[in-house]
Amino acid sequence: MEIRTDSTSLDIDRHEGNLIKELRSSSTKPVTEPSGWLSEDLKRNIFLTTVDNVLNWGRKSSLWTETAFTACCTFEFISLSSSRFDIARFGMEVLRSSPRHADLIITAGTLTWKMAPQIKRVYEQMAEPKWVIAMGACGITGGIFADSYSVVPGYNRILPIDVYIPGCPPRPEALLAGIELLRKKVEKRSFLQG
Amino acid sequence: MAIKTEPILLNLGPIHPSTHGVFRMRALVDGEVITDIEPVFGYLHRGIEKLAEQKSYRQFIPLTDRLDYVASMNNNLAYVTAVEKLAGIEVPERAEYIRVIMSEIQRIISHLLGIGSFFNDMGTFFTPFFYMFIQKEKLTDLLEMVSGQRLLFNYMRFGGVSHDLPDEFLPALNTFLKEMPAEIDKYERLLKENEIVLARSKKVGILSPDMAINSSASGPVLRASGIEWDIRKADPYSIYDRFDFDIPTGTVGDCYDRYRVRVEELRQSIRILEQAVAGIPKGKVLNPVPLRFRPPEGEVYSHIESNKGELGFHVISDGSDKPYRLHIRAPSLLNLTALRKMLTGWKIADAIIIFGSIDICVGEVDR
Amino acid sequence: MTVAITGEEVVGALDKELKGAVKSVESEGILVQAEKILDIALCVKNNKNLKLDYLVSITGTDYIDYLEVSYLFYSLDNNKRFTLKVRLENKSNPAMPSLTGIWIGAELQEREIYDLLGITFSGHPNMKRIFLWEGFHGHPLRKDFSNGN
Ligand code: SF4
C-alpha cells in the first residue's frame, strides 16, 4: 500500500502493520553468518591474497633453465634432472634451448673469454624477471683454472649472480639446496620492484 | 629444371642442445643440404697444457680429471702411467687391478652416456637416456665409494692409487655385473632393430677405413670403420695382457656401426671386469712417491685406450719438479678432423646424428 | 707391444731418400731438416717395410733457444712407432711445411701449434688460431709468455 499525502494516520498504521507482518513471516528461521550466503562452488574457488604472492608463487614453481652448460658441472646438473634426483618436483625439468623461454641460467662450468660474449648475449635475450645461479668453483672464481690465460675468473664479471653454489662439482644435493635458496629469494620479490 | 636456391650460412652452437657441450659449427647450407662446414673450437680452452708447466707433477693429477670429464679415471690413468714410465716407478699388483677396474667402469659410463645422447640427437628425446642413466648412477655410486667424489675422482697416484677399495666395493660391483647384461639386452630389444634407428643411422655419415686412418681417428670411431686397433691389445699397458676380451669392429663405418661398436664394448668391458674381480689379489695399493718428486730428465709418450680413443700424454721433463712441457693427444679433437668430410652432403638433421655418433667431450677437445 | 723403430733402422731403410736431410739420429727417432719434412714423411709413409701410415700426435715445444716439433707415427699393420723431429732456430718467425697434404689428421694439430706456439705451417689450408680468439696477444706455450697474472 502506498502512502499518499492524503493518507490518514490509520493508513500509516496499517502500512506499518503490514511491514511487521512481512518481516515476521520471512523471519521464521535464524539468520546464518555471512560465509553461508555464498554457494558451495563459489566458496571453494575464491582465494584472497596479494599480487606479490601470486606472481612469486607462479615464478618459483616453474623456473625454466636455459641450456648454457659449458663444462664438467653439467653432468651433475644432468644427474639432478634425471630420474634419481628428479628436479621435476620443482617444476624445473623443462630445459630451454631458447633464451626467450628461460627464467634461469645455471652456469654449470668454466667460462672462457671466448665463450663469455655468447653467455652474456643469452642472458640479455632472456625476458625479465631472470635469475642466475653460479654453479661450481669455476662459476664463482674460475676455480682450479683461475690462473689460466683464457678463463674468466667467475661469472660475476659478466652477469649478476643470485646464488653461489660451491663445489667442484657441487653434488646434486648441493645444487638442490642452491635452487631452494633461489626459490626463497624469488618468494620475497615485490611486484613494485618490477 | 632444378629450383634455384641460395646458400646460407647456418650457425650451430656454441649454445646448442645437441653439440654436447660448447662446440660450434658454421655450416653453409643449400636448402637442407650442407655444402660445407667449419668446426669452431676453443670455447672451453682452459689452457691445461700451460697450467701443467706451473704445477708440480702430483698437483697436475686433478687437472687431468677435467679433460674428458665423463671418464676422469681414464685421464688419471693415462697421466700417471706416462709419469711412471718416465721415472720408472713400480705399481703394486693390486693397484694395477684396481686401475683396470676403474678404467673399465669409466668406459661403461662413457659409452652409456654416448649411446644415450646419440639417441637424443636422433629424436628419442631422453627416453633411452634415462634408462642408461639409471645404470650410470649405480656405477657413479661405486666410484664415489672408492674416491669420495661423484664425477672428478683424482684417485690415481704415481705408484698406485690413493686408497684401497672399501670392503663393500667388490660385492656391489659383482651385483652390478650380474644385472648389467640383462640391462644391455633390454636396450637392444628397444633400439637395435628399431625401424627409425635403422633408417636414420644406417649408411649415414660413412667414414671409410682409409679416411679414418688418414685423419688420425681412434677408438670406437676407427674400429667402426673396420680397423682392428685397440691399444689394450696392440700395446698392452697396466695389466691388460692378462685379460681375455675381443675387439668389436664395424664393417661399414656408418653411424649405426659406431653405435654397435659401443654396445659391444659395453659387453667386453663387463667381461674384463668379471675377470678382474675374480683375479684381484690382496696387498698394498701404493708405492709412495715423495710429494715433490723429480723424475729424471727425458721425454716419454705414453698412451692408453680411453673410452674415446687413444689418449696420449707426451711428458717432457727437465729434471725439475714440474713438467717442462706436457702435450695431451686428445682423441676427441682428432676424431673431429674428418667431421667436415663426414658432414658435407648430408641434411642438417643427419649432421646432428653424425656428430652425435662421434661422441666427443669438449673438455678434451679444447683442453 | 708397439715397438719403437730406432733411428738407425729408418736411416738404413731410407738411405737414398734421406741423404743430407738427417741432422742426428736418436734411439727412437731422427731429427731432420725442416724444409725436407714433406719428402721424408712421404717416404716413411710409403716405404713398404716401414708403412708408417698413421700420424698419432704432433707436439710442439719451446726450448728457449729453438722450437721443436715432434711427430709420432704408427704403423698399424706392423705395430711399430717412430718419431720425427724438427728444430726451428728462427724464433721470431718460425715456419715449416705442413703435413696436411699427406695426413689430414695433421690439420687441427698444426693449427693448435700455430695458436699456442706461433709456428706457421706453409701449405696448410686454414692457418689461423684454433682455440684462442683472433686478436689474442702472444702464444701461451712459449716460455716467455706472461698472462698478466
Ligand atoms: S667447478 Fe669443477 S666441475 Fe665445475 S666446471 Fe669447474 S672444474 Fe668442472
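From a predicted model like this one, the values you see are computed outputs, not experimental measurements. (Residues numbered from 1 in each chain as written. Chains lettered and ligands numbered in written order. Predicted model: local features only at pLDDT ≥ 70, side-chain atom pairs only at ≥ 80, totals over all residues. Heavy atoms only, no water.)

1. Brief notes about the interface of chain B and chain C
- With 38 residues of chain B in contact, the opposing surface of chain C contributes 40 residues.
- Roughly 3300 Å² is buried in total at the junction of chain B and chain C, and carbon and sulfur atoms are behind 54% of that figure.
- When the buried area of chain B at its contact with chain C is split by residue, B:Asn214, B:Trp229 and B:Tyr324 rank highest and sum to 18% of it.
- Measuring nitrogen to oxygen at the nearest pair gives 2.9 Å for the salt bridge that ties B:Arg367 to C:Glu112.
- Breaking the side of chain B that touches chain C down by element, the ones donating at least two residues are helix H1 (48-54), helix H8 (209-214), strand E6 (298-305), strand E7 (310-317), strand E8 (323-329), helix H12 (331-335) and helix H15 (362-366) of chain B.
- With 4 residues, the single largest contributor to the side of chain B that touches chain C is E8(B).
- The residue makeup of the side of chain B that touches chain C, split by class, is 15 nonpolar, 10 polar and 13 charged. (Contact = heavy atoms within 4.5 Å. Buried area = accessible area lost by both parts, 1.4 Å probe. Salt bridge = Lys/Arg side-chain N within 4 Å of Asp/Glu carboxyl O. Helix = DSSP H or I, 4+ residues; strand = E, 2+ residues; numbered from the N terminus. Nonpolar A, V, L, I, M, F, W, Y, C, P; charged D, E, K, R; others polar.)

2. Description of the nonpolar core
- Within the largest apolar cluster, 161 residues are counted, with the highest numbers of intra-cluster contacts made by B:Met102, B:Tyr155, B:Phe169 and B:Phe313.
- Here the element with the most residues in this core is helix H4 (residues 93-122) of chain B; it accounts for 15 residues.
- Aside from chain neighbours lying at most four places away, what touches B:Phe169 is B:Ile101, B:Met102, B:Ile105, B:Leu142, B:Met145 and B:Val146.
- Formed by 36 residues, the second largest nonpolar core is a distinct cluster that contains C:Ile5, C:Val32, C:Leu88 and C:Ile102. (Core = buried A, V, L, I, M, F, W, Y, C linked by side-chain atoms within 4.5 Å. Buried < 20%, exposed > 50% of the residue type's maximum accessible area, 1.4 Å probe, protein only.)

3. Here we look at unusual backbone geometry
- For the bond running from A:Glu128 to A:Pro129, omega is -10°, close enough to zero to count as cis.
- Relative to the elements of secondary structure, A:Pro129 occurs in the loop between helix H5 (116-125) and strand E4 (131-135).
- Residue A:Cys168 is joined to A:Pro169 through a cis peptide bond whose omega torsion reads -10°.
- Non-glycine residue C:Ile64 carries a positive phi angle of around 65°.
- Along the chain, C:Ile64 turns up in the loop between strand E4 (54-62) and strand E5 (67-75).
- Take C:Ile64: its relative accessible area is 53%, and that puts it in the exposed class.
- Here the phi dihedral of C:Asn79 falls at roughly 55°; this positive angle occurs in a residue that is not glycine.
- Relative to the elements of secondary structure, C:Asn79 occurs in the loop between E5 and strand E6 (80-88).

4. Here we look at the site of the ligand
- Neighbouring the ligand are 14 residues, the closest being A:Cys72, A:Cys73, A:Cys138, A:Cys168 and B:Arg66.
- Each of chains A and B places residues near the ligand.
- Top element by residues in the shell around the ligand is helix H6 (residues 136-141) of chain A. It accounts for 3 residues.
- In terms of residue class, the shell around the ligand is built from 9 nonpolar, 4 polar and 1 charged. (Near = heavy atom within 4 Å.)

5. Here's the deal with a nonpolar patch on the surface
- Taken together, A:Leu38, A:Leu42, A:Ile46 and A:Leu48 make up a surface patch of nonpolar side chains, about 450 Å² in accessible area.
- By the element assignment, A:Leu48 lies in the loop between helix H2 (40-45) and helix H3 (51-61). (Patch = residues over 30% accessible without salt bridge, like charges linked within 9 Å, V, L, I, M, F, W, Y side chains within 5 Å. Areas by Shrake-Rupley, 256 points an atom, 1.4 Å probe, with all protein chains shown as cover.)

6. Remarks on the interface of chain A and chain B
- Between chain A and chain B, the contact holds 35 residues from the first and 35 residues from the second.
- Of the roughly 3000 Å² buried at the junction of chain A and chain B (both faces included), carbon and sulfur atoms supply 65%.
- On the chain A side of the contact with chain B, A:Phe75, A:Arg84 and A:Phe145 bury the most area, a combined 19% of that side's loss.
- For B:Asp141, the salt bridge identified is with A:Arg84, shortest N-O distance 2.9 Å.
- Counting across the chain A and chain B interface gives 13 residue pairs in polar contact (both at pLDDT 80 or more).
- Sorting elements by how many residues they give to the side of chain A that touches chain B places helix H4 (residues 73-81) of chain A first, with 5 residues.
- Here the side of chain A that touches chain B is built from residues that sort into 17 nonpolar, 12 polar and 6 charged. (Polar contact = N/O pair within 3.5 Å; in protein donor to acceptor, adjacent residues only side chain to side chain.)

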